[in-house]
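Below are the chains, spelled out letter by letter.
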Amino acid sequence: MAAVFPTLCPTATPDARLTDSHGRVIHDLRVSITDRCNYKCVYCRTGEGGALYPELSIEEYLRLIGLFVGLGITKVRLTGGEPLLRRGLVELVEELARLHTLSGEPLDLALTTNGHLLGSLAAPLKAAGLNRVTVSMDAVDAPTFERITRVPGSFQNVLGGIRAARAAGLTPLKINCVLLRGFNDGQIESFALFARQEDVVVRFIEFMPLEEGRLWSPQIVVPLTEIVERIGRVLPLVELPPREPSETARRYTFADGAGEIGIIAPVSQAFCGACSRVRLTSDGKIRTCLFSQVEHDLYGRLRTGVDDAELRAYILRTVQGKEARHHIGEPGFLKPSRSMVHIGG
Ligand code: SAM
């Protein structure tokens, strides 16, 4: 199909690549394309429908993402809010799939979703050029799942979505589960079995202080060591070596070699030193860390009519100032002004 949008042409000189003042190379961009969500997960949202931020047009996301790719981004992950709610998503993916990295490879294109609408969208997204999806799923039994999402019937939809994604070839399929003590930590062992039954990689994520309300405490976090120990009692685990230094998940296979689980432990075993990531919010602000106290208004600059060279210079300067690390659990820690659903998880 012919290109519909006009502005997709990353150009950059090799010396203009995204790095920060701590020596990290940034090659991973997460883009929120809406902060609306059709779930009200109890650990994420208050259920009162917090502030929504504006969304850019599909053409504007394309222009901004194209600039980042021209500065060395090799992987783009679309997220939200719930990205499958965004009108124009398939066309956006189709256009992004035309982009190439600075070394001439196709862009690595992934998406994070709650999976509710994936049953009908998995095949069109794959056909448009999406490589992989990660589906968020916090329980493997319907009553627990629906107590968390607060949407009746959501469990069957998500299970159907996962199977549709696998059938469409959006693999390897990852399932992300945020564990909270007292909510869903009873699911750990069942998830390990689910990973093998459904041929998916289940990744447990430690809960971070990014919720709309006030739920987080160190006690509610289920740490990596506990997860490994509990699964190991049921199915012995063998740790796998990291595939790249910036890999966020500690990976394990089962002793018989069938299946994989991962654990992402930003709280108990922070990996900021190897972070290769920046974020663009749905309203076009750059966030150089999930826990940034400042946002950088890239879209505001675009609106003033400046040219691409100036926007690129702004992105390079901004990323240089990326924070060294987050300060979760330290005295004086401040939650960011936006919660996870409004930043883009
Ligand atoms: N709606 C999409 C989804 O469900 O994947 C994308 C947005 S959602 C905010 C992205 C991920 O962030 C989900 O896996 C969710 O469970 C996770 N998440 C939300 N709040 C979190 C928190 N406070 N700590 C860790 N992960 C969180």
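Quick note: structure is the one above.
Quick notes on the rules
- All residue numbers here refer to positions counted from 1 along the written sequence of the relevant chain.
- Totals for whole chains, interfaces and linings use every residue, but because this is a predicted model, local features are given only for residues with pLDDT of at least 70 and side-chain atom pairs only at 80 or more, for both listing and counting.
- Water and hydrogen atoms were dropped before computing side-chain values, which therefore reflect all heavy atoms in the structure.
- The pairing criterion is simple: DSSP has to find at least two bridges between the two strands.
- Working definition: helices are DSSP H or I runs of at least four residues, strands are E runs of at least two. Numbering for both runs from the N terminus.
- To sort residues, take the accessible area from a 1.4 Å probe on protein chains only and compare it with the maximum for the residue type: under 20% means buried, over 50% means exposed, and anything in between is partly exposed.
- Here the arc refers to the set of directions running from the helix axis out to each C-beta atom.
- Any pair of residues with heavy atoms lying within 4.5 Å of one another is described as a contacting pair.
- Near, as used in this document, describes a residue that has one of its heavy atoms within 4 Å of the molecule or strand being considered.
- Any N or O atom pair separated by 3.5 Å or less is treated as a polar contact, with the protein-specific requirement of one donor-capable and one acceptor-capable atom, and with residues adjacent in sequence counted only for side-chain atom pairs.
- All accessible areas in this document rest on Shrake-Rupley with a 1.4 Å probe, and a residue is counted as covered only by the protein chains that are shown.
- For this classification, Asp, Glu, Lys and Arg are treated as charged, while Ala, Val, Leu, Ile, Met, Phe, Trp, Tyr, Cys and Pro are nonpolar and the rest, including Gly, are polar.
- Orientation is described by axes fitted as lines to C-alpha atoms, over the contacting stretch for helices, and by angles from 0 to 180 degrees between their N-to-C directions.
- Put simply, angles under 35 degrees are roughly parallel, angles over 145 are roughly antiparallel, angles from 65 to 115 are roughly perpendicular, and the rest are oblique.
- Note on convention: near helix rotated counterclockwise from far helix by under a right angle means a left-handed crossing. Clockwise means right-handed.
- A carboxyl oxygen of Asp or Glu within 4 Å of a side-chain nitrogen of Lys or Arg is what we treat as a salt bridge.

## Quick notes on the sheet that holds strand 3 (residues 108–113)
Stage number 1. Spatially, 12 strands are ordered 7-8-9-6-5-4-3-2-1-10-11-12 in an open sheet, and the strand pairing comes out mixed. Of all strands in the sheet, those bounded by a partner on one side alone are strand 7 (237–239) and strand 12 (296–297).
Stage number 2. Alignment of strand 6 (residues 201–206) against strand 9 (residues 260–264), held across five bridges, turns out to be parallel. The residue of strand 9 that forms the bridge with R203 is G262.

## Structural notes on the pairing of strand 5 (residues 174–179)
Within a regular beta strand, the side chains point alternately toward one face of the sheet and then the other, so they alternate between its two faces.
Stage number 1. Of all six residues making up strand 5, six are buried, and the element is well covered by its neighbours.
Stage number 2. Of the two faces of strand 5, the one lined by K174, N176 and V178 and the one lined by I175, C177 and L179 are each fully buried.
Stage number 3. Summarising the sheet, strand 4 (residues 132–136) and strand 5 pair through three bridges and their orientation is parallel. Counterpart to T134 in the pairing with strand 5 is K174.
Stage number 4. Pairing analysis gives six bridges linking strand 5 to strand 6, with the strands arranged parallel. If you follow C177 over to strand 6, its bridge partner there is F204.

## Notes on helix 4 (residues 142–149)
Stage number 1. Where helix 4 is concerned, the buried positions are T144, F145, I148 and T149. Viewed end-on, helix 4 has its buried residues packed into an arc of 125°, placing them on one side of the element. When the buried face of helix 4 is taken as reference, the exposed residues oriented beyond 90 degrees from it are P143 and R147.
Stage number 2. The secondary structure elements touched by the buried residues of helix 4 are helix 5 (154–168).
Stage number 3. Phi turns positive one or two residues past the end of helix 4, at R150, with a value near 60°.

## Focus: the site of the ligand
Stage number 1. Y43, G81, E82, S136 and M208 are the nearest of the 17 residues found near the ligand.
Stage number 2. One of the side-chain nitrogen or oxygen atoms of Y43 is found 2.5 Å away from an oxygen atom of the ligand.
Stage number 3. G81 is positioned such that a nitrogen or oxygen atom in its backbone is 2.8 Å from a nitrogen atom of the ligand.
Stage number 4. Here the ligand has 550 Å² of accessible area as a free molecule, and 94% of this is covered by the chains.
Stage number 5. By residue class, the composition of the shell around the ligand is seven nonpolar, eight polar and two charged.

## Overview of the packing of helix 1 (residues 58–69) against helix 2 (residues 89–96)
Each pair of packed helices can be summarised by the angle the axes make with each other and by the distance between the axes.
Stage number 1. Two elements in contact, helix 1 and helix 2, have axes whose closest approach is 10 Å; the angle formed by their N-to-C orientations is 25°. In terms of axis orientation, helix 1 runs roughly parallel to helix 2. When the axes of helix 1 and helix 2 are compared, the crossing they make is right-handed. Taking contact as the criterion, the partners of I58, Y61, L62 and I65 in helix 1 are, on helix 2, L92, E95 and L96.

## Here's the deal with the pattern of salt bridges
Pairing is possible between side chains of opposite charge, provided their charged atoms come close.
Stage number 1. Applying the stated criterion to the full structure yields 23 salt bridges.
Stage number 2. The salt bridge involving E226 is made with R230; its shortest N-O contact spans 3.7 Å. Of this pair, E226 and R230 both sit in helix 7 (residues 224–234), four residues apart, which is roughly one turn of the helix.
Stage number 3. When the shortest N-O distance is used, the salt bridge between R243 and E247 registers 2.9 Å.

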